[in-house]
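Listed here are the chains, written in short residue letters.
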Amino acid sequence: FDGRIMDLLPGLNLIANFGVGYDAIDVAAASQRGIRVTNTPDVLNDDVADLAVAMWIAQARDFELAMQNARSGDWGQGVKLPLARKASGRRVGILGMGRIGREIADRLAAFKCDIHYQSRSRKATPESWTYYADPVELARAVDDLVIAVVGGPETEGFVSAAVIGALGPDGVIVNISRGSVIDEEALIAALSSGAIRGAALDVFRGEPQVDPRLMALANLLPLPHIGSATVETRAAMGALQRANLHAVLAGHEPVTPVN
């Protein structure tokens, strides 16, 4: 949604985004034209954080392979599964300690994980949590990396080949932010070569069209961008979106302004 499209709508006063991420909207162009932009933060934090932890566990415990074993009848035929990996107690890095990143970190702390994080500045966190200014240094210090940064040009390819490589062969990447944040070519190479152990992704570059090389990898756990996809959260997001619409139409400040 760029300035060119905005100029086709001369009566446009508000772009009320249904979701917390607004990287698909040119906010600067909207501001130049006096158009307000809103989003739906906070109401989806729990669902996205829950999913991140669920993906992390499912990847470690090989849920996909185990479900296939049960559904196919292989289990009943005595086909044994290889041992999976333990999730609790690992060193986990949170890339982006915003609202959702903090919810993820709080959940992982309950799984006895050692929490490390990277963000633009230090946050008010428990003393035992370790801050890093550099994402490569963060990746080097942890077992697993959970990506919770915002999307957009500033974070394009933020999880670079150097970050991915710093995790090491036992490392796992979980991404619930935006597909654009990861250097997908570097990720494919790392997963294919065993440079990292695995990945669990809810978002992809060019989604819903996903690189078939990525989807073919057995050490990838893929989901179709369902972070906020529950009845309760989508209802709350809709209510907040409508509240922003009502406020602006009534001549008031929006509830959750972006600009």
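Cut-off values and rules
- Residues numbered from 1 in each chain as written.
- Predicted model: local features only at pLDDT ≥ 70, side-chain atom pairs only at ≥ 80, totals over all residues.
- Heavy atoms only, no water.
- Axes fitted to C-alpha atoms, helices over the stretch in contact; angles between N-to-C directions.
- Helix = DSSP H or I, 4+ residues; strand = E, 2+ residues; numbered from the N terminus.
- Parallel < 35°, antiparallel > 145°, perpendicular 65-115°, else oblique.
- Left-handed = near helix turned anticlockwise from the far one by under 90°.
- Contact = heavy atoms within 4.5 Å.
- Nonpolar A, V, L, I, M, F, W, Y, C, P; charged D, E, K, R; others polar.
- Pairing = 2+ DSSP bridges.
- Phe/Tyr/Trp six-rings, centres within 6.5 Å; stacked < 30°, edge-to-face > 60°.
- Buried < 20%, exposed > 50% of the residue type's maximum accessible area, 1.4 Å probe, protein only.
- Right-handed = clockwise from strand over helix to strand, strands pointing away.

A. Molecular detail of the packing of helix α3 (residues 45–60) against helix α5 (residues 99–110). For the pair α3 and α5, interaxial distance at closest approach is 9 Å and the crossing angle is 50°. For the element pair α3 / α5, the angle class is oblique. In this structure, the crossing between α3 and α5 has a hand that is right-handed. Contacts between α3 and α5 involve N45, D46, V48, A49, D50, A52, V53 and W56 from the former and R99, I100, E103, I104, R107 and L108 from the latter. Considering only residue class, the contact of α3 with α5 consists of eight nonpolar, one polar and five charged.

B. Highlighting the sheet that holds strand β3 (residues 91–95). In space, the seven strands of this open sheet follow the order β5-β4-β3-β6-β7-β8-β9, with parallel pairing throughout. Both edges of this open sheet fall to β5 (130–132) and β9 (220–222), since each of them pairs with a single strand only. Across this sheet, the average inter-strand angle for adjacent strands is 15°, counted without regard to direction. Where β3 lies against strand β6 (residues 144–147), four bridges are found, and the strand directions are parallel. Along β6, the bridge assignment pairs V92 with D144.

C. How the structure looks around the packing of aromatic side chains. Scanning all chains against the criterion turns up two aromatic pairs. With centroids separated by 5.4 Å and ring planes inclined at 55°, the aromatic side chains of Y117 and Y131 adopt a geometry described as tilted. Taken together, the residues Y117 in strand β4 (residues 114–118) and Y131 in strand β5 connect sequence positions 14 residues apart.

D. Fine view of the pairing of β4. The buried fraction of β4 is high, at four of five residues. Here β3 runs beside β4; their pairing, made up of five bridges, is parallel. Opposite V92, over in β4, you have I115 as the bridge partner. What joins β3 to β4 is α5, and the crossover it makes is right-handed. Pairing of β4 with β5, which is carried by three bridges, proceeds in the parallel orientation.

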